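One letter stands for each residue in the lines below.
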2 protein chains.
Amino acid sequence: MIKVAVMGYGTIGSGVAEILDQNRDVIAGQAGQDVELKYVLDLRDFPDSPVADKIVHDFKVIEQDGEVEIVVETMGGLNPAYPFVKACLEAGKHVITSNKALVAAYGTELLQIARDKNVNFFFEASVGGGIPIIRPLYRCLMGERIEEITGILNGTTNFILTKMDKEGASFEGALKEAQNLGYAERNPEADVEGHDTCRKIAILTAMATGREVNFEDIYTEGITKITDVDFKYAEKMGTSVKLFGTSRISGGRVSAFVAPVMIGKDHPLYAVSDVYNGIMVRGNMLGTSMFYGSGAGKLPTASAVIADIIEAAQNMKRNVRLGWTSERQAVEPMDRVSFRYFIRMAGTYRNKEQDVRAAFGPVEVVELYGMDEFAVLTREMTEGEMKAAVSGYNASEAERSEYGVKQTIRAMV
Amino acid sequence: MIKVAVMGYGTIGSGVAEILDQNRDVIAGQAGQDVELKYVLDLRDFPDSPVADKIVHDFKVIEQDGEVEIVVETMGGLNPAYPFVKACLEAGKHVITSNKALVAAYGTELLQIARDKNVNFFFEASVGGGIPIIRPLYRCLMGERIEEITGILNGTTNFILTKMDKEGASFEGALKEAQNLGYAERNPEADVEGHDTCRKIAILTAMATGREVNFEDIYTEGITKITDVDFKYAEKMGTSVKLFGTSRISGGRVSAFVAPVMIGKDHPLYAVSDVYNGIMVRGNMLGTSMFYGSGAGKLPTASAVIADIIEAAQNMKRNVRLGWTSERQAVEPMDRVSFRYFIRMAGTYRNKEQDVRAAFGPVEVVELYGMDEFAVLTREMTEGEMKAAVSGYNASEAERSEYGVKQTIRAMV
């Protein structure tokens, strides 16, 4: 019999309690013994819940109870999650977390404490919700040199972009609907500005390289500047726009970014819609594979926590090799990363052709009927080159008191 | 240092040798020690290959060399693969195979020998080529009650169906192209009649239930009767036809089948095209997730073998819990399984409406311009009910010396 404590009885924590109960027999079979919930730590009481008699308010009860061998952290945020998790590991308990902020900020230290104490620190649920992705990286693709990980890692923004794509909604309208449905927070910044995706791609990059990645090194751009007009062009081009977290690894160099990207129908992530997540992994031998599923939600995310509990139960006496070391992985400056670009400009292409070609070289042109603007798809160039080209073009337009570039979206088409 | 032998230097075996060499450092890092290829068993010599000096022709060399702790079987077929693998396990060696026929026919016995000898019998590459699916079932979804596994598990048939769908090719034309490209064998029966998919879904069903599944119990229908006319209707309906291997598990009862199925654009497997494979897994807590990638090919499949080698290397002294027991899982008779059906009939709907409704009840009608036939989409009914309805309809037509049903395809729309 293994005793578990859950810290934080919110959406995910209550899901973990629910699955521990409902799938008790499956879990016992896989873990090799019964797994029982002993405590739930929360500031609140839940008198009508099935865990009413397990609620404790004092972390010390869990920390000091030697019978509790596995602790699940589903509080979110850094404080008190960080000191609590650290104390549990130092007390020789296995810790499982769904908290991407914690893993992105303190993962290196917590992984090292787990190794030193010969316990495990698992975090499958911190990325991709119910989609197995952390474990496949250390259990299934171990013989691969990972060359790229690209994910649609945030269900809220994917829901908004899908609404804009399929129904012609504006960003504001789609955000409002997401908020009404409970998919987006009242303050949606962490999602729509890409911060959530940034922490997740930082964790995946660290898993793939085996080195610490500072999420602050990753260029991060959200979806707030994407408009319904962009999707009108996308429709004509047979493309869509998705918020990608991408990491490319080549010869020890890593480029990583979070940004809306225009992709075509043949991209493996094109069909990942609504609140679903999808993660593409390219290995040097395997080629491209893709993992798809519910990136959030109570039970899917809790299911990933349960898988971690079972792996901990199967490895009570040994530290499973995973994660990364304190060696810092450098991330290339964004200016050196290359893309094609979808660029919208004021005016008509016929009048601007010379300026466009002077600034951007050869381009593909896309025109919509009845719009006083046009769009081009550039050749592949670095961000630095693109910025110089946009500046040059805008300067030539400004000389004539005319507007220049209205929108720039990276493109993988 | 761990010494490995590879039995069979064909496509996959040579891929394994290549990755062991090219990704040597990655593999050593994950395995915790160097992994070296010592022997390659083949009837032929390969004087110009990088493994020329490792070729042996006599299995006994491998069986009797105590230094060889991991043996990879990539010969295919049952003889001599079965006696060789059995002998290796009995000699206390870990065995890894890519051979679905072997696993489907003798997996139960080989898994038990591995348990008895405290070694491992792994077979990730036997299903889905490079796509991790066996390992996710025992490493990632362990806390789930698996309710459904549906896979596009055969790249050859998926290539043929994609050609028919996207280019209007006939079955014969698409098959010929697949043969010319090397995707289909000269004798394509194992692929196009569904036998390959049958063995794979049998293995996945056994993994999901923990019980032995006799692949001969699984209703298996190939794609040879699918025509370009079917795809004309599919285009009008916004659907496609894919060869599914499906297993549904509910309350200890299992229904499993291999058959072409008509699906809509919102099915997670709709976008799995060409030679790619995709496997959808539905769990009671997780909901739907999907794994996508190269279902065949030298390096992707070999990469799955390498992952098995690494897991064996990490568990040299213990049997990893996976697979199934000798308890037999019953499979429901196909007549009791329910679908909607896409049915094409001779004549015009206007003239046949009464007979159609008498036999099938309410239906959705699909008509193509200029065809002396029409199609209907029935309500959900069991196979038994459908067969009775088709017989009844055909009898009523025959009375009038008219043709009846021309085609029946199961539909999940």
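Residues numbered from 1 in each chain as written. Chains lettered and ligands numbered in written order. Predicted model: local features only at pLDDT ≥ 70, side-chain atom pairs only at ≥ 80, totals over all residues. Heavy atoms only, no water.

Going by what an unreviewed UniProt entry lists, chain A is known as Homoserine dehydrogenase and is assigned to Enterocloster lavalensis. Turning to chain A, the UniProt record has this under Catalytic activity (unreviewed entry): "L-homoserine + NADP(+) = L-aspartate 4-semialdehyde + NADPH + H(+)". Database annotation for chain A, UniProt heading Sequence similarities (unreviewed entry): "Belongs to the homoserine dehydrogenase family." (UniProt positions renumbered as here; feature names shortened; annotations may be inferred.)

Trainee: Where do I start with the interface of chain B and chain A in this structure?
Mentor: It is common to report an interface's size as the accessible area lost on association of the parts. At the junction of the two partners, chain B supplies 44 residues and chain A supplies 44 residues. Sorting the residues of chain B by area buried against chain A places B:Arg139, B:Met142 and B:Met285 first, and these three jointly supply 18% of that buried surface. Viewed at the interface, chain A and chain B are joined by two salt bridges. Between B:Arg145 and A:Asp25 there is a salt bridge; the shortest N-O distance is 3.1 Å. Taken together, the connections running from chain B to chain A amount to 16 residue pairs in polar contact (both at pLDDT 80 or more). For the side of chain B that touches chain A, the secondary-structure elements that each account for two or more residues are α1 (11-22), α2 (24-31), α6 (134-140), β13 (287-294) and α12 (298-314) of chain B. Counting residues per element, the side of chain B that touches chain A draws most heavily on α12(B), which supplies eight residues. Inspection of the sheet shows strand β13 (residues 287-294) of chain A paired to β13(B) by three bridges, in the antiparallel sense. When the sheet's bridge partners are listed, A:Tyr292 is paired in β13(B) with B:Met290. (Contact = heavy atoms within 4.5 Å. Buried area = accessible area lost by both parts, 1.4 Å probe. Salt bridge = Lys/Arg side-chain N within 4 Å of Asp/Glu carboxyl O. Polar contact = N/O pair within 3.5 Å; in protein donor to acceptor, adjacent residues only side chain to side chain. Helix = DSSP H or I, 4+ residues; strand = E, 2+ residues; numbered from the N terminus. Pairing = 2+ DSSP bridges.)

Trainee: Before we go on, may I ask you to explain the nonpolar core in this structure?
Mentor: Side chains that are nonpolar tend, in soluble globular proteins, to be buried together. A:Ile309 and B:Ile309 are the most contacted members of the largest nonpolar core, which has 238 residues in total. Core analysis: the next-biggest nonpolar cluster, separate from the first, contains 59 residues, A:Phe360, A:Val390, B:Val272 and B:Val376 among them. (Core = buried A, V, L, I, M, F, W, Y, C linked by side-chain atoms within 4.5 Å. Buried < 20%, exposed > 50% of the residue type's maximum accessible area, 1.4 Å probe, protein only.)

Trainee: How should I be thinking about the pattern of salt bridges in this particular structure?
Mentor: Pairs can form between side chains of opposite charge whenever their charged atoms are close. Overall, the coordinates contain 70 salt bridges over all chains when judged by the stated rule. Its salt-bridge partner being A:Arg24, residue A:Asp21 comes within 3.9 Å of it at the nearest N-O pair. The exposure class assigned to A:Asp21 is partly exposed, which follows from its relative accessible area of 49%. Note that B:Lys163 is salt-bridged to B:Glu177, the shortest N-O span being 3.2 Å. Highlighted residues: B:Lys163 in helix α7 (residues 155-167) and B:Glu177 in helix α8 (residues 171-180), separated in sequence by 14 residues. By relative accessible area, which is 31% here, B:Glu177 ends up partly exposed. Each member of the salt-bridge network shares a partner with another, and the members are A:Glu124, A:Arg135, A:Arg139, A:Asp308 and A:Glu311.

Trainee: Quick question: what am I supposed to make of helix α13 (residues 349-360) of chain B here?
Mentor: Because the α-helix completes a turn every 3.6 residues, residues three or four places apart line up on one side. Residue and element names in this part refer to chain B. Taking 1.5 Å of rise per residue, 12 residues should cover 16 Å, yet α13 covers just 13 Å from first to last C-alpha, more than 12% shy of that figure. For α13, the full list of buried residues reads Tyr349, Lys352, Asp355, Val356 and Phe360. Each buried residue of α13 sits inside an arc of 130 degrees when the element is viewed along its axis, so together they form one side. Opposite its buried face, α13 presents the exposed residues Gln354 and Ala358, each directed more than 90 degrees away. Those residues of α13 that are buried are in contact with β15 (338-346), β16 (363-366), β17 (373-378), β18 (381-382) and α14 (383-399). In the stretch just after α13, Gly361 is the one whose phi turns positive, near 75 degrees. (Expected span 1.5 Å × (residues − 1). Arc of directions from axis to C-beta.)

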